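Geometric and topological summary
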Number of protein chains: 2
Amino acid sequence: MINTKFSYPEVFSFIDEKNVKAQNEKLKSAYKTLCSRNGKGNDFLGWLDLPAEFDTNFSQRIKNCADKLAAQSEVVVVIGIGGSYLGARAVIEALQHPFNSLVGGSGRPSVLFAGNSISEDYMHALLDVLEKKDYSIIVISKSGTTTEPAIAFRILKEHCEKKYGKDSAKERIVAITDAARGALKKLATDEGYDTFVIPDSVGGRYSVLTPVGLLPIAVAGFDIDKLVRGAVEMREYLLQNDSFESNIAMQYALLRYLLYSEKNKKIELLVAYEPCLSYFVEWYKQLFGESEGKENKAIFPAGAIFSTDLHSLGQYIQEGERHLMETVISVKNSKNKVAIPYDEKDADGLNYLQKKSLTEINLTAEKGTRLAHLDGGVPNFQISIPAINESSLGELIYFFEFSCALGGYLLDVNPFNQPGVEAYKKNMFKLLGKPEK
Amino acid sequence: MINTKFSYPEVFSFIDEKNVKAQNEKLKSAYKTLCSRNGKGNDFLGWLDLPAEFDTNFSQRIKNCADKLAAQSEVVVVIGIGGSYLGARAVIEALQHPFNSLVGGSGRPSVLFAGNSISEDYMHALLDVLEKKDYSIIVISKSGTTTEPAIAFRILKEHCEKKYGKDSAKERIVAITDAARGALKKLATDEGYDTFVIPDSVGGRYSVLTPVGLLPIAVAGFDIDKLVRGAVEMREYLLQNDSFESNIAMQYALLRYLLYSEKNKKIELLVAYEPCLSYFVEWYKQLFGESEGKENKAIFPAGAIFSTDLHSLGQYIQEGERHLMETVISVKNSKNKVAIPYDEKDADGLNYLQKKSLTEINLTAEKGTRLAHLDGGVPNFQISIPAINESSLGELIYFFEFSCALGGYLLDVNPFNQPGVEAYKKNMFKLLGKPEK
């Protein structure tokens, strides 16, 4: 059973409810295409069944490796870019103490990320940390030759071998890569690194529930079984319900498509009221932007953290150009309790809130904002979860993946390729004088 | 003399160069309106002269206060939202070690932020830090009754007084607020807090060069004199050059306005290739979104960090809906040096890059991306700075502020109000049962 809820208050004041019926066949066809695995990009549908294929042995292998890395490391550096970066970071930041290293850590290593930019100062700062801390490396790359992670791994491998010696370094490096081919696979075999496989049928942005996401998440000390269990629940629910009325991913996919195609809502703002979800928002931006953004169409995926950004983008959302829709991840309960104290002088006038929890106020801000933005002409979807934990994140991950695949089929694009990502690389290689193979 | 450069390669393949001439009078009028201080919102033009009014005494007072807080604190919490938050954070994150607390700090306190959301778990985690560390508080609010910072201050004031006793707590709290009015001003006077003034004529999003930004930046150990000096140089340059040909802010403001109004480029993506600029991008989003986004118009301000997000939004930028323009902050030199090592086996095929610095490769990625995006139909502006330091950030801050004010006047809106920010507050207060005054 799923705990995620989806609602679309007042969306039919923006689009005619008849359009849902008119497009119902198209939606059913997209759903059927996805579930029967015969649409565009169907060689990349491995993510559909990943949660169901996850078993105790596989889980244990990941946890054993994570525990080994954790035992020998104060810091674990995860090298990867795009889908080999954002999924793990999204889950870890959602779950970890936001000031982890200031409070002396959680008993697990700090997970730091590298190979997702070419910043020299960032790399220098990372090396500064690695001089001072014991560390291990998880390097994630299908091919081993993607420029950003390859550069980072070359530098950190050299550092690690100098610091620990070549033999010990091998025990500190884990590769997540292709099962058989590619430069990283070959190197890992030659050097004797522990390795995990990125399945051929799972693209980067759909890979968080493979070792790509699961190993770093386990290193940080979070429960990968519960995470995958959440995805299993969502999967069963979505595969068992095949109509707009009964399936929340079909609702979300169709309504946002209608707002885009019929009402010119060209930007979707994914909003959370919890700052720890900021990388989850980044993960969503990649998932949807890369899956849908082709053939000169698709909703532009943007993100915000409220109420922070109500004092930033809020003015624009309320009164700027009317091309926005908003999707809110609503979290019903916090993990910890902080209430508003009573103050005798009441200089700030907040005594009317005394003893209220911050979450109660935060949820009221959320409700007030929804009403304000609806008034301002911004349609609003709500995705509710009971709390931020492994299980709800697992549900959300699968929900967004499934909705996104449907969204791509509604737009009639291949949701599983990314031909446009090559363009900058080609130019860069030419300018750098990369030798032709 | 300024060190910032602005260029607009191939923009005239998107807009007709004649349009620049056709709109030249409008541009000159916007510039004149701003400089002669007689346009919409002209009671909020204090930011125009702030850098020139900054003097040694004022600087010394800020630095003395910062040093006092630093001497007694491992952590300084800055309470503020919107413009009382983003400017300080943008500058501090641009300049500080990205893993500050992992490498044992810089000899200055860690600056943490509060009062910019209503997250209960975030507040709980912050209190956890403050249990363990010696700390001080900078509370920033014009009125003292803005909900988010008022809640945070009520909770942290109580905590601080319990931890240190009421008398010592007074030495650990600094208020930045109105000169004469408001709840925080009154409280600060009653309690005897050290205070700094937010000038009446400077709105939140233009306040980074007031104590709102300068005190936290000085606490973190950065040179506020150089920061303001950069703004002084940019101010003199912009006020002395009054034509499109000679003034880079006029170029930027007009060209982005033309792309929006004539070519339907509805989204501007501010891009940096250095992750430490991610909060500078957030600062830009507030500045432009809140200044321009009204009367159902304006460019939607979005942001990205490349090459990270080339593996996320990159596909959309290259091939999605063609409603984007891109503005790149290009940083020519890094602070530190890291080069690509030689590897005998060359498994990753990177030996062709050996001895190249990461910055050289990063700048090549930038050039390759610009060409790819131009090919893909995304116009591209480039703002170059020699390096990320106080002086260049000061230039950038004033450049963006000035360009944004011009942009607002070109759109014929008041760039200095934010009427739409009240809507969610009104609803929230009603739902919370806030007593009427």
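Only a predicted model underlies this, so the values are computations on that prediction, with no experimental measurement involved.

Attention shifts here to the packing of aromatic side chains. Applying the stated criterion across every chain yields a total of 62 aromatic pairs over all chains. Ring centres of Y85 of chain A and F113 of chain A lie 5.4 Å apart, and the angle between their planes is 70°; on these two criteria the pair is classed as edge-to-face. Taken together, the positions of Y85 of chain A in the loop between β2 (75-79) and α5 (86-95) and F113 of chain A in strand β3 (residues 110-114) put the pair 28 residues apart, joining distant regions of the chain. With respect to class, Y85 of chain A is no different from F113 of chain A; both count as buried. Ring geometry for F399 of chain B against F400 of chain B: centres 5.4 Å apart, planes inclined by 70°, an arrangement best described as edge-to-face. According to the relative accessible area criterion, F399 of chain B is buried, its value standing at 0%.

If you look at the biggest cluster of nonpolar residues, it comprises 331 residues, and the most contacted ones within it are W47 and F400 of chain A together with W47 and F400 of chain B. In this structure, F400 of chain A is in contact with Y252, L270, F280, W283, Y284, L287, F288, I329 and I383 of chain A, ignoring residues within four places of it in sequence.

Further remarks concern the relation of the copies chain B and chain A. Overlaying chain B with chain A gives an RMSD of 0.0 Å, the required rotation being 180° about an axis along which the chain moves by 0.0 Å. Put plainly, the chains are arranged around a two-fold axis. Within chain B, the C-alpha atom positioned nearest to the axis of rotation is that of S101 of chain B, 3.1 Å from it. When the interface residues of chain B are mapped onto chain A, 100% of them are again interface residues, pointing to one common binding face.

Moving on: the interface of chain B and chain A. Between chain B and chain A, the residue contacts involve 126 residues of the former and 126 residues of the latter. Carbon and sulfur atoms make up 64% of the surface buried where chain B meets chain A, a total of about 10,800 Å² over both sides. It is E120, R154 and H311 of chain B that lose the most area in chain B upon contact with chain A, and together they represent 9% of the buried surface on that side. Run the count over chain B and chain A and you get eight salt bridges.

Before going further, it helps to examine the pairing of strand β5 (residues 173-177) of chain B. All names here are of chain B. Of all five residues in β5, five are buried; the element is thus mostly enclosed. Burial of the side chains of β5 extends over both faces: I173, A175 and T177 are buried on one face and V174 and I176 on the other. Summarising the sheet, strand β4 (residues 135-140) and β5 pair through four bridges and their orientation is parallel. Across the sheet, residue I140 finds its bridge partner in β5, namely I176. Pairing geometry for β5 and strand β6 (residues 194-197), over four bridges, is parallel. Within β6, the residue paired with T177 across the bridge is V197. Handedness of the crossover is the feature at issue here: the chain leaves β5, passes through helix α9 (residues 183-191), returns alongside β6, and the resulting connection is right-handed.

A few words now on the side chain of R205 of chain A. Residue and element names in this part refer to chain A. Looking at where R205 falls in the secondary structure, it is placed in the loop between β6 (194-197) and α10 (211-219). Within polar-contact distance, the side chain of R205 engages the backbone oxygen of P415 at 2.7 Å. A polar contact of 2.6 Å, which involves the side chain of R205, links it to the side chain of Q418. Leave out the neighbours within four places in its chain, and R205 touches G83, W283, Q286, L287, E290, S291, K294, E401, P415, F416, N417 and Q418.

This part is about the sheet that holds strand β4 (residues 135-140) of chain A. By definition, the strands of a sheet pair up through backbone hydrogen bonds, in either a parallel or an antiparallel sense. Residues and elements named next belong to chain A. Taken in spatial order, the five strands line up as β3-β2-β4-β5-β6 in an open sheet, and their pairing is parallel. Since the sheet does not close on itself, it has two edges, and those belong to β3 and β6, each with one partner. Here the average twist between neighbouring strands, direction ignored, is 20°. Against the sheet, helix α6 (residues 120-132) makes contact with β2, β3 and β4, and its axis sits at roughly 150° relative to β3, the strand it touches most.

Residue and element names in this part refer to chain B. An order of β3-β2-β4-β5-β6 is seen for the five strands of this open sheet, with the pairing classed as parallel. Taken across any chain shown, the strands that pair with only one partner, and hence form the sheet edges, are β3 (110-114) and β6. Going from strand to strand, the sheet's axes swing by 20° on average, the running direction of each strand aside. Along the sheet, helix α7 (residues 147-164) contacts β2 (75-79), β3, β4 and β5; its crossing angle with β4, the most-contacted strand, is approximately 155°.

Residue and element names in this part refer to chain A. Within this structure, the stated rule accounts for 63 salt bridges over all chains. The partner of K186 in a salt bridge is D190, and the shortest N-O contact between them spans 3.1 Å. Placement of both K186 and D190 in helix α9 (residues 183-191) is noted, with a separation of four residues, approximately one turn of the helix. Judged by its relative accessible area of 53%, K186 falls in the exposed class. Linking R229 and E233 is a salt bridge whose minimum nitrogen-to-oxygen distance equals 2.9 Å. Of this pair, R229 and E233 both sit in helix α11 (residues 224-240), four residues apart, roughly one helical turn. Residue R229 is classed as partly exposed on the basis of its relative accessible area of 46%.

Here the focus is the domain arrangement of chain A. Residues and elements named next belong to chain A. Here chain A is described as being made up of domain 1 (5-36 + 227-420) and domain 2 (47-222). In this structure, domain 1 and domain 2 have C-alpha centres spaced 29 Å apart. Taken residue by residue, the interface counts 32 residues in domain 1 and 24 residues in domain 2. With both sides pooled, the region where domain 1 packs onto domain 2 buries about 2,500 Å², and carbon together with sulfur makes up 67% of that total. The largest share of the area that domain 1 buries against domain 2 comes from V228, Y279 and E401, three residues that together contribute 25% of it. Here domain 1 is connected to domain 2 by two salt bridges.

In this section: helix α16 (residues 390-410) of chain B. Residue and element names in this part refer to chain B. Its 21 residues place the ends of α16 30 Å apart at the C-alpha level, agreeing with the 30 Å of an ideal helix rising 1.5 Å per residue. Summarising burial for α16: 20 of the 21 residues are buried, a large majority. Where α16 begins, the side chain of N389 points an oxygen toward the backbone nitrogen of S391, at a separation of 3.2 Å.

In this section: helix α12 (residues 248-263) of chain A. Residues and elements named next belong to chain A. Here α12 is 16 residues long and its end C-alpha atoms lie 21 Å apart, about the 22 Å a rise of 1.5 Å per residue gives. Across the 16 residues of α12, 13 count as buried, placing the element largely inside the fold. Where α12 begins, the side chain of N247 points an oxygen toward the backbone nitrogen of A249, at a separation of 2.9 Å. Where α12 ends, the next residue or the one after it, N264, has phi of about 60°, a positive value.

Residue and element names in this part refer to chain B. Structurally, E395 is set in helix α16. In this structure, E395 is buried with no salt-bridge partner, the nearest side chain bearing the opposite charge being R229 at 8.9 Å. Ignoring anything within four residues of it in the chain, the contact list for E395 reads M1, I2, N3, T4, G230, A231 and M234.

Rules used throughout
- Residues numbered from 1 in each chain as written.
- Chains lettered and ligands numbered in written order.
- Predicted model: local features only at pLDDT ≥ 70, side-chain atom pairs only at ≥ 80, totals over all residues.
- Heavy atoms only, no water.
- Phe/Tyr/Trp six-rings, centres within 6.5 Å; stacked < 30°, edge-to-face > 60°.
- Helix = DSSP H or I, 4+ residues; strand = E, 2+ residues; numbered from the N terminus.
- Buried < 20%, exposed > 50% of the residue type's maximum accessible area, 1.4 Å probe, protein only.
- Core = buried A, V, L, I, M, F, W, Y, C linked by side-chain atoms within 4.5 Å.
- Contact = heavy atoms within 4.5 Å.
- Least-squares fit on C-alpha atoms with pLDDT ≥ 70 in both.
- Buried area = accessible area lost by both parts, 1.4 Å probe.
- Salt bridge = Lys/Arg side-chain N within 4 Å of Asp/Glu carboxyl O.
- Pairing = 2+ DSSP bridges.
- Right-handed = clockwise from strand over helix to strand, strands pointing away.
- Polar contact = N/O pair within 3.5 Å; in protein donor to acceptor, adjacent residues only side chain to side chain.
- Axes fitted to C-alpha atoms, helices over the stretch in contact; angles between N-to-C directions.
- Domains from an automatic or database assignment.
- Expected span 1.5 Å × (residues − 1).
- Lys, Arg positive; Asp, Glu negative; His and termini not counted.

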